[in-house]
Each structure stands twice: as C-alpha cells, then as structure tokens.
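Single-letter residue listing:
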Amino acid sequence: MKKWYAVIGDPIEQSKSPIMHDKWFVENEIDATYIPLHVRSCNLGDTVENLRNLGCSGWNVTIPHKSAIIPYLDALEPSATIMNAVNTVRVKEDGTLIGANTDGEGFVNALTEVFNDIEFKAKKILVIGAGGAARGIVYALRNAGNESITVANRTKHKAQRLVETVDNATAISLHEAQSNLTKYEVIIQTTDVGMMHGQAGMPIELDQLVAGTIVCDIIYNPLETEFLKEAKRKGALTMSGVDMFVHQGALSFFKWTSISPNTVTMKKTIRSLLGG
C-alpha cells in the first residue's frame, strides 16, 4: 500500500517540504507521497487524530503548531522535550505518535557539511535569539562538543533562562553582542528578523564584524537575508537557512524510512526554487 506523509501549518503554501520529500521518495524508490495541509489552531487536535486514524505514516509540523501539538502526542524524544517544540512526528506500527525535533541536529549537520574543513569545538560562538530554534541549536552545539557559546537576545533574561542548563554558556543583550562582535568566530542568527513573512531589517548591526567570521542565518526564504548580505560584504563566510532546512528534513526522512537521503543535490534543488 502506498504510504503518505504530510506537513501541517498555518500558513502552509510557502513550504518547500513537499517538493523535497517527494523528490527523496523518488530517488530512493519509495512508494509514498507527501502533502501540505493547512491546519488552523482551533482544528489542531482533530487534525492529529484524523492523521492517526487515516493512516498517515508521519508528518512535519511548522508554525504555529510546534509547541501546541505536544499535548496531542503520546511521547516525545529528548530533542523535543529540550526545545519544548516538535517538528517531526513518527507513527509507530501500533499507532503511537512520537514527537521529535530535528532542527538543532540539522543545523549542526549543515554546518559540518558546508565547512567540512573547520573544527568547531574550540570556536567562540554567538547565537542571536533565545527561542525554540536557538535552544535546539545551543544544545546540539554543546552535544557536539563546543565549549564556548554565548546567547544574545533583545530581552536578556530570556537568554539567561536558556543558558541556565547549558555548561559554559553565557547570556548577553543584543547591544552587548553588537559592541563585541570581534570576540566571536561563528555568529548564528535564529530570530525571524529578515524573514519574507516576518520582520524586515537586521537583528544587530555588523559594523564590527571581522572578515573571515562564519555567519549563519536559519531563514531560508528569502534565500539571502539582509543580515547575510551585509555579512558577506564585510568578508564573512556565510551559510543560509537552506542548509539547515535540508538537513533537518533529512533527519525527519531518516526517522520515517531509516534512509539517509542525498542532501547535497537537494540543496541545489531548493536554491533553484528560491531563485538562487
């Protein structure tokens, strides 16, 4: 029987996940399809039960349901518990729904693939933002062995809450980060500032950015945010959100199929769709 998978969100028409996963199904000769479902918050609980009852083999979760879906699931993997957010649901043979989050590990895998000749464990890393994505990335970096992580946020107390359970992590304000950019070798932008459907502009100014710094943005639409464009003008090495998007999707695909798909060719496909 043909299997089917889905992505749920509100809005959902902007998602490139259906194109990505359907291409991977074809490449790996899997008889399955992947569909986008527009789900409003008031219908989330009913949708989860319908997906279970109608035999969906697994699905992705995007905004605004990543945290709201948790009460409707049967169990969480540690990644989802840490982030208090789910982006992947896998369905066991008995119908049990397991929530996971592949964002943090996906980011680290992307960083390793793009900069495969760089050792990151000793790098001084600045993470901008203190939301769910930032939390997952911080924990994934720490688990990968990095020992120097600073989290900067508009409201410093939120950054402080994030780093309380992370060894050797520090919380600062955005102003402090902006004034001390020369200290950091890797800068990771995790807020929605610069997103096509979010806020325009830059989370911090990059006047003090040192050439050769690695600068990443987890936003993939637009393909290159104003933040990344300015970093590139300053001589930074940059990584767009496409890399993380593809790698978090690859981890979801693996959870559903036990197959690791081709991420290199998929990044080219997604970039071409976004005009890159």
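Here, the structure is the one placed above.
Parameters and conventions
Residues numbered from 1 in each chain as written. Predicted model: local features only at pLDDT ≥ 70, side-chain atom pairs only at ≥ 80, totals over all residues. Heavy atoms only, no water. Pairing = 2+ DSSP bridges. Helix = DSSP H or I, 4+ residues; strand = E, 2+ residues; numbered from the N terminus. Axes fitted to C-alpha atoms, helices over the stretch in contact; angles between N-to-C directions. Contact = heavy atoms within 4.5 Å. Phe/Tyr/Trp six-rings, centres within 6.5 Å; stacked < 30°, edge-to-face > 60°. Buried < 20%, exposed > 50% of the residue type's maximum accessible area, 1.4 Å probe, protein only.

Caption draft 1: View of the sheet that holds strand β8 (residues 149-153). With respect to topology, 6 strands assemble into an open sheet ordered β9-β8-β7-β10-β11-β12, the strand pairing being parallel. Across the chains shown, the open sheet's two edge strands, defined by having one partner strand only, are β9 (169-173) and β12 (237-239). For this sheet, the mean angle separating the axes of adjacent strands, direction not counted, is 20°. Pairing analysis gives 4 bridges linking strand β7 (residues 125-128) to strand β10 (residues 186-189), with the strands arranged parallel. Within β10, the position partnered with V127 by the bridge is I188. Strand contacts of helix α5 (residues 132-143): β7, β8 and β10, with the helix running at about 170° to β8, the strand carrying the most contacts. Together, β7, β10, β11 (214-217) and β12 form the strand contacts of helix α8 (residues 226-233), whose direction differs from that of β11 by roughly 165°.

Caption draft 2: A look at the packing of aromatic side chains. If you walk through the whole model with that rule in mind, you get 7 aromatic pairs. Both rings, one in F115 and one in F120, keep their centres 6.3 Å apart while their planes meet at 65°; by these two values the pair is edge-to-face. A relative accessible area of 11% means that F120 is categorised as buried. Here a set of aromatic residues connected by ring pairs shows up, and it is made of Y5, W24, F25, Y34, F253 and W256.

Caption draft 3: Main features of the pairing of strand β6 (residues 97-100). Both faces of β6 are covered, namely the face carrying L97 and G99 and the face carrying I98 and A100. Relative to β6, strand β4 (residues 75-76) runs parallel, the two sharing 2 bridges. Residue pairing in the sheet places L76 in a bridge with G99 of β6. In terms of strand pairing, strand β5 (residues 88-91) meets β6 through 4 bridges, oriented antiparallel. Each bridged residue has a counterpart across the sheet, and for R90 the counterpart in β6 is I98. Hairpin connection between β5 and β6: a loop of 5 residues separates the two successive antiparallel strands, and G95 in this loop has a positive phi of roughly 90°.

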